[in-house]
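# Geometric and topological summary
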Amino acid sequence: MTEQIICRDLTLGYEGVPVAENLNFTVCQGDYLCILGENGSGKSTLIKAILGLKQGMSGTLEWSGGIRRGEVGYLPQQTMVQRDFPASVREIVLSGCLAGCGHRPFFSKAQKQLAADNMERLGIAALADRCYRDLSGGQQQRVLLARALCATKKILLLDEPVTGLDPKAQTELYDLIASLNKQGTTIIMVSHDPGAALAYATHILLMGDRGQLFCGTAEDYKKHMGGDLYAGD
Amino acid sequence: MQGIEKLGEYFEYPFVRYAFLVGLLIALCSSLLGVTLVLKRFSFIGDGLSHAAFGGLALASSLPVMVKELFTAAANGGEMSPGAAKLADALSNINDMVIVLPFTLICAVLLLRTGQNTKIKGDAAVAMLSVGALAIGYLLMNRFPSASNISGDVCSTLFGSTSILTLKKEDVAVCVVMSLVVIGLYVFFYNRLFSVTFDESFTRAIGMDADKYNLLIAVVTAFIIVIAMELVGSLLISALIIFPALSAMRVFRSFKSVIICSGVISVICAALGMTISLLASTPVGATIVAADLCMFLIFSVIGKMKNT
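Everything numeric here is computed off the predicted structure, so don't read it as measured data. (Residues numbered from 1 in each chain as written. Chains lettered and ligands numbered in written order. Predicted model: local features only at pLDDT ≥ 70, side-chain atom pairs only at ≥ 80, totals over all residues.)

The helix and strand inventory of chain B stands at 14 helices and zero strands. For chain B, the α and β elements follow one another from N to C terminus as α-α-α-α-α-α-α-α-α-α-α-α-α-α. Dimensions of chain B along its principal axes, counting C-alpha atoms only, are 75 × 60 × 30 Å. Classification of the 308 residues of chain B by burial places 47% in the buried group. Here the analysis covers contacts within chain B between residues at least 6 apart in sequence; of these, 78% occur between residues at least 24 apart. (Helix = DSSP H or I, 4+ residues; strand = E, 2+ residues; numbered from the N terminus. Buried ≥ 20, exposed ≤ 12 C-beta atoms within 10 Å, placed from the backbone. Contact = placed C-beta atoms within 7 Å.)

Encoded structure:
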């Protein structure tokens, strides 16, 4: 198993005040890691660290196995700005290719093909010329997922991807993510929902007030927590 | 028919042609940037900067008078020193732009910083800066008047003057070059600007420096506002920036089509506004903005009809 992200004794914080201490975990190729934790447990800060946007106060976070900083495909939470943004699906998916542009101002033919392939893969090829704001929540998430896949095929970081979706759309999106994982893409998902996490993830990282409460496989997590899936200490 | 003849007659004059060229270029630049500003919820920067630019202009026009008065007072009513006289002369001879542009650029950077900082109530800070610049500007113009007609001066800075008809060849050249630079930058960075506008977090995540592009947007906005002040005055610039973008967004549904439509609307409205103002001798700036407003209403109706 190729290790892709190795995190050792990482402490994250703002202006000298730690929000998450002594994080230790490893993400290998093909893993489906679910990061659980309540609000304020430092999940968003950990996301920034994984993306390479934030330095730890101590400890290390390394990318290896062909992954470099900035090569983690990211599905951020939706913002107000995006809900009524006049842009076609094609334009948004294509913007995921920007990382590969270097100093070139425009997209190459190969990049346009990559965008088209990813739209095909996520079943949104028919929507290519539709406006983003006219789509349903589930379709919008697929568009953003396709964009993230344009940035990288190796590893995806999803920040609460099912927020605001109805149950049917949630299940569809979870299934879609699971199928991407089966095709070899590593998934790191931040979630509020321990039920779904256990149903789909191979590994769980549980974060509490001061840092890591549990890290291991989903099987071990079930044993570790007994009946109580969420409560920490 | 008479109107068209009259118009043909006007176009014989080079200064009218210059005014049209400059006016249309300004309209095009401001509308391009407007789409980004409106979508990024950065409209406040345009608005704040236009007030800041007024303060800058007031500072530029009252600075020579201020220097003269201060040094005369320092000399106890006697003759001021030759050095001070030279300084005052030099200040009154340099182009206002030399003071207004850097001043506005600094404000642009400040506004961007405060606008994004949610800790100190960004929008309140912007309001504070813009109203502050307006008040200090008016205070300076009043206390150190560079001409006898203060209210006329203030009015033309706020609502645009006829100075667009008195542009010299150099002014036109400067304006054309600046506009072409803005358009060039926009085309070159188009895909990156789209990404930064649509999703800043994602843009950062793929390793691009979003702050750099935000700064670029603010700086270019400052440039446009300084050039556009000649045309429509500082109070009406925001209209030139936001109206075409909002109109285009009523009807079009992809980023590229919104940008193109916004540019076309803005150029048409500017041409229309300037033509009407020539024929009916109405104020240029206000007429252009009125044309933009009408266009917005028309596009709103079209948008409603398209949706039903």
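Residues and elements named next belong to chain B. In contact at an axis separation of 10 Å, helix H1 (residues 2–11) and helix H13 (residues 255–280) are set at 100 degrees when each is read in the N-to-C sense. The angle between H1 and H13 places the two elements in the roughly perpendicular class. Facing H1, whose interface residues are Gly3, Lys6, Leu7 and Tyr10, H13 presents Thr275, Leu278 and Leu279. Residues that form the contact of H1 with H13 fall into these classes: four nonpolar, two polar and one charged. (Axes fitted to C-alpha atoms, helices over the stretch in contact; angles between N-to-C directions. Parallel < 35°, antiparallel > 145°, perpendicular 65-115°, else oblique. Nonpolar A, V, L, I, M, F, W, Y, C, P; charged D, E, K, R; others polar.)

Counted residue by residue, helix H9 (residues 190–198) of chain B has seven buried out of nine residues, so it is predominantly covered. Within H9 of chain B, the full set of buried residues consists of Arg192, Leu193, Phe194, Ser195, Val196, Thr197 and Phe198 of chain B.

Our next topic: the interface of chain B and chain A. In this assembly, 23 residues from chain B lie in contact with 23 residues from chain A. Elements represented by at least two residues in the side of chain B that touches chain A include exactly H9, helix H10 (200–205) and H13 of chain B. At five residues, H9 of chain B tops the list of elements feeding residues into the side of chain B that touches chain A. In terms of residue class, the side of chain B that touches chain A is built from 12 nonpolar, five polar and six charged.

For the rest of this paragraph, the subject is the pairing of strand E2 (residues 17–28) of chain A. Residues and elements named next belong to chain A. Here strand E1 (residues 3–14) runs beside E2; their pairing, made up of eight bridges, is antiparallel. The partner of Gly13 across the bridge, within E2, is Pro18. Taking the residues between adjacent antiparallel strands as the criterion, E1 and E2 are bridged by two residues, where Glu15 takes a positive phi near 45 degrees. (Pairing = 2+ DSSP bridges.)

Turning our attention to the domain arrangement of chain A. All names here are of chain A. Domain annotation of chain A identifies domain 1 (1–72 + 157–233) and domain 2 (79–151). Put simply, the middle of domain 1 and the middle of domain 2, counted by C-alpha atoms, are 25 Å apart. Counting residues at the interface gives eight residues for domain 1 and five residues for domain 2. Within the side of domain 1 that touches domain 2, the residues separate by chemical class into five nonpolar, two polar and one charged. (Domains from an automatic or database assignment.)

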